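Letter by letter, the chains look like this.
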Amino acid sequence: MRRQEQPRAGRPPTQADLAGRAAGLRAEVQRVVAGIPVLDIHTHLYDPALGALLLWGIDELLVYHYLVAETFRHGCGRVGSEFWRLSKTAQADLVWRTLFQENSPLSEACRGVLTTLHRLGLDAHQRDLPALRRWFAGWKVEAYVDRCLELAGVRGVVMTNSPFDELEGPAWLRGWRRDSRFQAALRIDPLLLNWPVAARQLAEWGYRVRADLGATTRGEVRRFLADWSRRLQARYLMVSLPPDFQYPARAASARLIEQVVLPHCQESGLPFALMLGVRRAVNPALQLAGDGVGSSDLAALANLCAAHAGNKFLVTVLARENQHELCVLARKFPNLHIFGCWWFTNVPVLVEEITRLRVELLGLSFTAQHSDARVLDQVIYKWDHARAVVAQVLADEYVRLAATGWTPAPRDIERDAQQVFGGAFERFCRG
Ligand code: FIX
Ligand code: ZN
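All of the points below concern the structure found in this document. (Residues numbered from 1 in each chain as written. Chains lettered and ligands numbered in written order. Predicted model: local features only at pLDDT ≥ 70, side-chain atom pairs only at ≥ 80, totals over all residues. Heavy atoms only, no water.)

**Observations concerning the site of ligand 1**
Contacts to ligand 1 come from His42, His44, His65, Tyr66, Arg187, Ser240, Arg280, Trp342, Trp343, Asp372 and Arg374. Measuring from an oxygen atom of ligand 1, one finds a side-chain N or O atom of arginine 374 at 2.8 Å. About the coverage of ligand 1: the protein hides 98% of its 330 Å² of free accessible area. Judged by the fraction of its atoms near the pocket grid, ligand 1 is located in the largest pocket. For the shell around ligand 1, the class distribution of residues is 3 nonpolar, 4 polar and 4 charged. (Near = heavy atom within 4 Å. Polar contact = N/O pair within 3.5 Å; in protein donor to acceptor, adjacent residues only side chain to side chain. Areas by Shrake-Rupley, 256 points an atom, 1.4 Å probe, with all protein chains shown as cover. 1 Å grid on protein atoms, 1.4 Å probe; cavity = no way out; pocket = protein on both sides within 12 Å on 5 of 7 lines; lining within 4 Å. Sits in = over half its atoms within 2 Å of the grid points. Nonpolar A, V, L, I, M, F, W, Y, C, P; charged D, E, K, R; others polar.)

**Section: the pattern of salt bridges**
Applying the stated rule across the entire model yields 27 salt bridges. Arginine 222 is paired through a salt bridge with glutamate 267; the nearest N and O atoms lie 3.7 Å apart. Linking arginine 222 in helix H12 (residues 215–232) with glutamate 267 in helix H13 (residues 252–268), this pair joins segments that are 45 residues apart in sequence. Here arginine 280 makes a salt bridge to aspartate 291, at a shortest N to O gap of 2.8 Å. (Salt bridge = Lys/Arg side-chain N within 4 Å of Asp/Glu carboxyl O. Helix = DSSP H or I, 4+ residues; strand = E, 2+ residues; numbered from the N terminus.)

**Here we look at the pairing of strand S5 (residues 272–276)**
Burial analysis of S5 places 5 of its 5 residues in the buried class, which makes it a mostly covered element. Here S5 shows a buried face lined by Phe272, Leu274 and Leu276 and a second buried face lined by Ala273 and Met275. As defined by bridge partners, strand S4 (residues 234–241) adjoins S5 across 5 bridges and the pair is classed as parallel. The residue bridging methionine 238 from the neighbouring strand is alanine 273, located in S5. (Buried < 20%, exposed > 50% of the residue type's maximum accessible area, 1.4 Å probe, protein only. Pairing = 2+ DSSP bridges.)

**Points about the side chain of histidine 42**
Relative to the elements of secondary structure, histidine 42 occurs in the loop between strand S1 (38–40) and helix H2 (58–62). Classification of histidine 42 as buried rests on a relative accessible area of 1%. At a separation of 3.3 Å, a polar atom in the side chain of histidine 42 contacts the side chain of threonine 160. Not counting chain neighbours up to four residues away, the residues in contact with histidine 42 comprise Val158, Thr160, Arg187, Tyr236, Met238, Met275, Phe339, His370, Ser371 and Asp372. (Contact = heavy atoms within 4.5 Å.)

**Some details on the pairing of strand S3 (residues 182–187)**
For S3, the buried fraction is high: 6 of the 6 residues fall into the buried class. Both faces of S3 are covered, namely the face carrying Phe182, Ala184 and Leu186 and the face carrying Gln183, Ala185 and Arg187. The sheet contact formed by strand S2 (residues 154–158) and S3 spans 2 bridges and is parallel. Bridge pairing in S3 links valine 158 to glutamine 183. By the bridge criterion, 3 bridges tie S3 to S4 in an arrangement that is parallel. Bridging from a neighbouring strand, alanine 184 pairs with alanine 234 of S4.

Set out below in structure tokens:
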């Protein structure tokens, strides 16, 4: 009998062959990743129809809480007490002077402002803040939304929408014509983290709830979630949780998740997004800038995924120490989708490490990044910086594959980049 024909390896590539192939691949990956339209799956941006809720422009960029925290470091406490009494313009002046004039703007958040201005075609190096302000004042918000999304290569953003917010909640009740690029996510932190207060609020809104979490109350909270999921046309429900979150547990948050949120999500086919590891108000004097990080007990997440196989969990973790365990959990639970390098992990050194870890443990079945933008213009730098790091990681991994003779075609690279920039999320939500 003839021996079966085997594919032949051919002449082994020389060092020069490999170097040439690697350079070509790297250039191709850069090109493809730069052009992929992104779905930004978690932001704090708003549909422009919501008016003042959508923040944009140079002063908002400068008073971003990431920069406020950095500014406070130079004030030795004195700045802290005075800062919040200043007008927004004066706060922005102080941040600009402290972080961009008296010091070199090397941090990721500072560089972000400069990338944004640069990509908008502005010359920030003149250090002329009044001139920058004049340039921004010339824009109308609708045109500026188009410009920012176009420069960032963003095809859609998912907002963070809270019925409990006193400005936002009533606007949803009134309704408006939606901008399809701004999709909604139902944020339920107040419900899960401060149940007694939320119960009183729901009762005021006409839901028959009592603090005891009995059967009627559970049914009514579920009705509340169904009403708001429908009203928002929500893509998912979401909460940020502290490092000490446990599941199963007797705490109201764990019981509400188990008995109300997850049944509602399962019935409506919506994922539940958990952002794990934030310690709120570590330094309350810093207000929004005062939150910190802690390592979470991911046994709670494993228990959730195992006990609720019919539910879909979108998860990001704030602590670097949790990243590896999260990837391992995602290998065990197909109902767990990892997303983003969140907040304090959104610095190039960690985005690179975390993305590499994810690719090497999971292939491409995750969402590499979300912007968490609070100010519209930030999508420009957040995506510019993310694309650069993700392209670098993908290129390194393809070059290693190419050494085995497996060279990806441009359409493979495009398919892969689409996956990690929104496609895998959409598939997970559909599945
Ligand atoms: O919980 C969240 O969604 C966090 O992203 C925010 O609370 C945080 O303030 C933030 O802006 C991080 O980027
Ligand atoms: Zn966020």
